[in-house]
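# Remarks on the overall topology
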Amino acid sequence: QVQLLESGGGLVQAGGSLRLSCLASGITSSIRDMGWYRQTAGNQRELVARISRPGATTYADAVSGRFIISRDNTKITVTLQMNSLKPEDTGVYYCKMTRNGRDFWGQGTQVTVSS
């Protein structure tokens with residue numbers, strides 16, 4: 001089993017920045033993809049960004065150029081640096097890690113961007 005603990009959410013004004021972190025514990029060997037997803041009001045959970053073990057990244061069009069995903073394979077963490085935040089970025093952000101074809105999710109952290 002893999003347990004994920006997210007931190008770093010909160011309230012910020014539009015144009016501001018937040019940094020989300022996700023730490024894995026438990027059986028963390030062979031974790032491959034890491035990513036961040038979000039669920040905004042009235043919408044399904046969607047991909048924000050993901051990063052492969054070698055470091056290849058994918059971003060949703062809505063966040064490309066504003067958000068940066070990174071990972072530390074030694075500490076088994078994934079971080080999302082969110083810049084130039086917009087009110088439409090408001091939602092619950094979830095960390096996901098994949099190990100041996102199985103997905104593990106964090107509990108979610110609230111991000112609120114005020115206009």
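A brief structural summary. Remember, it's a predicted structure, so these values are computed and weren't measured experimentally. (Residues numbered from 1 in each chain as written. Predicted model: local features only at pLDDT ≥ 70, side-chain atom pairs only at ≥ 80, totals over all residues. Heavy atoms only, no water.)

This part takes up the sheet that holds strand S8 (residues 77-82). Taken together, the 4 strands give an open sheet; going across it, the order is S1-S3-S8-S7, and neighbouring strands pair in antiparallel fashion. Among the strands making up the open sheet, the edge pair consists of strand S1 (2-7) and strand S7 (67-72). Across the sheet, the mean angle separating the axes of adjacent strands is 15° when strand polarity is ignored. Relative to strand S3 (residues 18-26), S1 runs antiparallel, the two being bridged by 6 bridges. (Pairing = 2+ DSSP bridges. Helix = DSSP H or I, 4+ residues; strand = E, 2+ residues; numbered from the N terminus. Axes fitted to C-alpha atoms, helices over the stretch in contact; angles between N-to-C directions.)

Right, let's talk about the pairing of S8 for a bit. Most of S8 sits inside the fold, with 5 of its 6 residues counted as buried. Bridge analysis of S3 against S8 gives 6 bridges, and the strand direction is antiparallel. Within S8, the residue paired with Arg19 across the bridge is Gln81. In the sheet, S7 pairs with S8 via 6 bridges, with the strands oriented antiparallel. Residue pairing across strands places Ser70 opposite Thr79, the latter belonging to S8. Counted along the chain from S7 to the antiparallel partner S8, the turn is 4 residues long, and its residue Ile76 has a positive phi close to 55°. (Buried < 20%, exposed > 50% of the residue type's maximum accessible area, 1.4 Å probe, protein only.)

As for its position among the elements, Gly9 is in the loop between S1 and strand S2 (10-13). Residue Gly9 is classed as partly exposed on the basis of its relative accessible area of 32%. Once the C-alpha coordinates of Gly9 and Thr112 are considered, the two residues, 103 residues apart in sequence, prove to be 8.0 Å apart.

Positive phi, normally seen in glycine, also occurs at Ile76, with a value near 55°. Relative to the helices and strands, Ile76 is located in the loop between S7 and S8. Positive phi, close to 50°, is recorded for Ser84, a residue that is not glycine. Mapped onto the fold, Ser84 is located in the loop between S8 and strand S9 (91-99).

This brings us to the state of the cysteines. Inspection of the entire model under this criterion finds 1 disulfide. Bridging Cys22 to Cys95, the disulfide has an S-S length of 2.1 Å. Negative torsions about the S-S bond denote left-handed disulfides, and the value of about -80° found for Cys22 with Cys95 makes this one left-handed. With Cys22 in strand S3 and Cys95 in strand S9, this residue pair connects regions lying 73 residues apart in the sequence. Accessibility classification places Cys22 together with Cys95 in one group, the buried group. (Disulfide = S-S within 2.5 Å.)

Inspection of the entire model under this criterion finds 4 salt bridges. A salt bridge links Glu46 to Arg38, with the nearest nitrogen and oxygen atoms 2.9 Å apart. Here Arg38 falls in the buried class, since its relative accessible area comes to 5%. Among the salt bridges present, the one from Arg66 reaches Asp89, with a minimum N-O distance of 2.8 Å. With Arg66 in the loop between strand S6 (57-59) and S7 and Asp89 in the loop between S8 and S9, the pair connects residues that are 23 residues apart, well separated along the chain. Like Asp89, Arg66 is buried. (Salt bridge = Lys/Arg side-chain N within 4 Å of Asp/Glu carboxyl O.)

Nothing here speaks to function; it is all geometry.
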